[in-house]
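# Descriptive analysis of the structure
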Amino acid sequence: MIRWLLRAVVAAGLLGSAWVHYVVWQDWASETDVVGPLFLVNVVAGVVIAIAVLAWHHWLPALAAIGFGLATLGAYVLSLTTGFFGVSERFTTQAELWGLITEVACVVFALPLLFNRESTDR
């Protein structure tokens, strides 16, 4: 029961992050050379990994969710500090807050899935 709840929260985090990236892509990122396509990669990857987390009870989707969250958070931190491919953020929008929350959720709730595997996980 707890593992299903964890899977649901991780999937929600992935889908939430994908949605935020899609909304921001529509808003302004589609007009940038590198960041625009990367936002679309996040949209597709978030959906694919969320499906994998729910459907495939293996450690790989949990690891992918952690990697997704860390990579996306890392890119965001770069955009806040030094800039990321010409994009500099200031943490002023609601989309940035929701993106941060969803990506932290991906990491925090996927860690127990990764390190506390049941014997049925293969």
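Notes on the structure in this doc start here. Because the structure is predicted, anything quoted here is derived from the model rather than measured.

As a further point, take the packing of aromatic side chains. Two aromatic rings, taken as a pair, are described by how far apart their centres are and by the angle between their planes. One pass over the full model with this rule turns up two aromatic pairs. Seen from their ring centres, Y22 and W25 are 6.3 Å apart, and the 20° between their planes marks the pair as stacked. Separated by three residues within a single helix, Y22 and W25 lie in helix 1 (residues 2–27), roughly one turn from each other. Judged by relative accessible area, W25 falls into the partly exposed class, the value being 24%. Each residue in the set W19, Y22 and W25 is aromatic and connected to the rest through ring pairs, giving one cluster.

As for its position among the elements, V108 is in helix 4 (residues 94–115). On the accessibility criterion, V108 (44% relative accessible area) is partly exposed. For the pair V108 and I66, spaced 42 residues apart in sequence, the C-alpha to C-alpha distance is 8.0 Å.

Cut-offs and rules
- Residues numbered from 1 in each chain as written.
- Predicted model: local features only at pLDDT ≥ 70, side-chain atom pairs only at ≥ 80, totals over all residues.
- Heavy atoms only, no water.
- Phe/Tyr/Trp six-rings, centres within 6.5 Å; stacked < 30°, edge-to-face > 60°.
- Helix = DSSP H or I, 4+ residues; strand = E, 2+ residues; numbered from the N terminus.
- Buried < 20%, exposed > 50% of the residue type's maximum accessible area, 1.4 Å probe, protein only.

Take it as geometry only, folks, not as evidence of what the structure does.
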